[in-house]
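In case you want the letters, here they are:
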Protein chains: 2
Amino acid sequence: MEPRISLITLGVADLGRAQAFYEALGWRRSPASVAGEVAFYQAGAMALGLWARAKLAADAGVAPEGAGFAGIALAHNVRTRDEVDRLLAEAAAAGAVITKPAQDSPHFLGRTGYFTDPDGHLWEVAWNPGFPLGPDGALTLPEG
Amino acid sequence: MEPRISLITLGVADLGRAQAFYEALGWRRSPASVAGEVAFYQAGAMALGLWARAKLAADAGVAPEGAGFAGIALAHNVRTRDEVDRLLAEAAAAGAVITKPAQDSPHFLGRTGYFTDPDGHLWEVAWNPGFPLGPDGALTLPEG
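Residues numbered from 1 in each chain as written. Chains lettered and ligands numbered in written order. Predicted model: local features only at pLDDT ≥ 70, side-chain atom pairs only at ≥ 80, totals over all residues.

A. Highlighting the overall build of chain A. Summing up its helical and strand segments, chain A has three helices and eight strands in all. Tracing chain A from N to C terminus, the helices and strands come up as β-α-β-β-α-β-β-α-β-β-β. C-alpha atoms of chain A, sized along the principal axes, occupy 40 × 35 × 30 Å. Each of the 144 residues in chain A was classed as buried or not, and the buried ones make up 47%. Put simply, 48% of the contacts in chain A that link residues at least 6 apart link residues at least 24 apart. (Helix = DSSP H or I, 4+ residues; strand = E, 2+ residues; numbered from the N terminus. Buried ≥ 20, exposed ≤ 12 C-beta atoms within 10 Å, placed from the backbone. Contact = placed C-beta atoms within 7 Å.)

Printed below as a string of structure tokens:
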């Protein structure tokens, strides 16, 4: 297995609502999407998909039941401290729930906050100068 | 918000067990990791993190309770049909549970299967010639 993630699929209760949320944040739906069925968004070198939660569970061969904390968080890192606050405000305006307002991180020299999307998927917004971003947004872990 | 995902953090019950699983699959722990606390893996233009589930929940300001289907799947796309079967076998050998054995996809012209890692995080292994992979593994959604 090469250390790569190709696609993240988020199970959603209402595809239209989920699309509206991500598109309000500036994501552009790919022509590869199938109207009313699945939405894809190019995300740098990978893709994000939105698909009915029950269909995703069935496709994966797992029971659809279960709720609460999914044990997973997606992070969107930004280039400046101020962008953390700005992006959390933008997410709230688009309908996100802020689960942790922007604050200086206890874990790294930087600033962080979290929101959940309309289906409860967790996103961290982080400014972490220790994990540099390239001009294209690619994140590179430090060498030590 | 730029359409990017910088980092995916998986909440884990036993960091050592989770590290062993991903490293058995060929992921290389970054020197940015903190022994016994958090493990990072460079994953193309982004990174994967492993962190105690309870700490991740607390960090995100959400309740740690909840179980079952997380409503999310990570996908690792491969370049050939045979690689799907091979990688699922490799994952099973490393301790994964195969939730859906390799089969021709009902959704795209290709082949797919799913496994869960030791903490139940879902991974799809897919060969989908309609979503081409670059030499560096970058996935590009088709233009239409």
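B. Region of the structure containing the nonpolar core. If you look at the biggest cluster of nonpolar residues, it comprises 96 residues, and the most contacted ones within it are Ile8(A), Ala47(A), Ile8(B) and Ala47(B). Ignoring any residue separated from it by four or fewer positions in sequence, one finds Ile8(A) in contact with Leu48(A), Gly49(A), Leu74(A), Ile5(B), Ile72(B) and Leu74(B). (Core = buried A, V, L, I, M, F, W, Y, C linked by C-beta atoms within 7 Å.)

C. Quick look at the sheet that holds strand β8 (residues 122-127) of chain A. Strands sit in the order β6(A)-β7(A)-β8(A)-β5(A)-β1(B)-β3(B)-β2(B) across an open sheet of seven strands; the sheet is mixed. Bordering the open sheet on either side are β6 (97-104) of chain A together with β2 (38-43) of chain B, each of which pairs with just one other strand. In this sheet, neighbouring strand axes are inclined to one another by 20 degrees on average, regardless of whether the strands run parallel or antiparallel. Sheet topology note: the strand β5 (residues 72-78) of chain A/β8(A) ladder contains six bridges and is parallel. Each residue of the ladder has a partner; that of Ala73(A), found in β8(A), is Leu122(A). (Pairing = 2+ DSSP bridges. Axes fitted to C-alpha atoms, helices over the stretch in contact; angles between N-to-C directions.)

D. Representation of the relation of the copies chain A and chain B in the model. Mapping chain A onto chain B calls for a rotation angle of 180 degrees and an axial translation of 0.0 Å; the resulting RMSD is 0.0 Å. Here the two chains are linked by the operation of a two-fold rotation axis. Among all residues of chain A, the one whose C-alpha sits closest to the rotation axis is Ala70(A), at a distance of 2.2 Å. A symmetric contact is evident, with 100% of the interface residues of chain A recurring at the interface of chain B. (Least-squares fit on C-alpha atoms with pLDDT ≥ 70 in both.)

E. A look at the environment of Asp14(B). Inspection of the secondary structure puts Asp14(B) in the loop between β1 (7-12) and α1 (15-24). When the 14 C-beta atoms within 10 Å are taken as the criterion, Asp14(B) is described as partly exposed.

F. A look at the interface of chain A and chain B. If you look at the interface, chain A gives 64 residues, while chain B gives 64 residues. A per-class count over the side of chain A that touches chain B returns 37 nonpolar, 17 polar and ten charged. Strand direction decides the pairing type here: strand β1 (residues 7-12) of chain A and strand β5 (residues 72-77) of chain B, joined by four bridges, are antiparallel. What sits directly across from Thr9(A), in β5(B), is Ala73(B). (Nonpolar A, V, L, I, M, F, W, Y, C, P; charged D, E, K, R; others polar.)

G. Inspection of the domain arrangement of chain A at higher detail. Residue and element names in this part refer to chain A. Each assigned domain of chain A is listed here: domain 1 (7-60) and domain 2 (73-127). Computed from C-alpha atoms alone, the centre-to-centre distance between domain 1 and domain 2 is 20 Å. Listed as interface residues are ten residues of domain 1 and, on the opposing side, nine residues of domain 2. Listing elements by their share of the side of domain 1 that touches domain 2, those giving two or more residues are β1 and α1 (15-24). The residue makeup of the side of domain 1 that touches domain 2, split by class, is eight nonpolar, one polar and one charged. (Domains from an automatic or database assignment.)

H. Examining the sheet that holds strand β8 (residues 122-127) of chain B more closely. Strand order in this open sheet of seven strands is β2(A)-β3(A)-β1(A)-β5(B)-β8(B)-β7(B)-β6(B), and the pairing throughout is mixed. One side of each edge strand has no neighbouring strand; the edge strands of this open sheet are β2 (38-43) of chain A together with β6 (97-104) of chain B. Strand after strand, the sheet turns through a mean of 20 degrees between neighbouring axes, direction not considered. Where β5(B) lies against β8(B), five bridges are found, and the strand directions are parallel. Bridging across to β8(B), His76(B) finds its partner in Val125(B). Set on the sheet, helix α3 (residues 81-93) of chain B makes contact with β6, β7 (111-116) and β8 of chain B; between it and β7(B) the angle comes to about 10 degrees.

I. Structural view of the confidence of the model for chain A. Residue and element names in this part refer to chain A. Looking at chain A, the pLDDT average stands at 89 and 98% of residues meet or exceed 70. Ranking the helices and strands of chain A by mean pLDDT puts helix α3 (residues 81-93) first, with 94, and strand β4 (residues 66-68) last, with 67. The ipTM, which scores confidence in the relative placement of chains, is 0.83 for this predicted complex, and the corresponding pTM is 0.85. (pLDDT = per-residue confidence, 0-100.)

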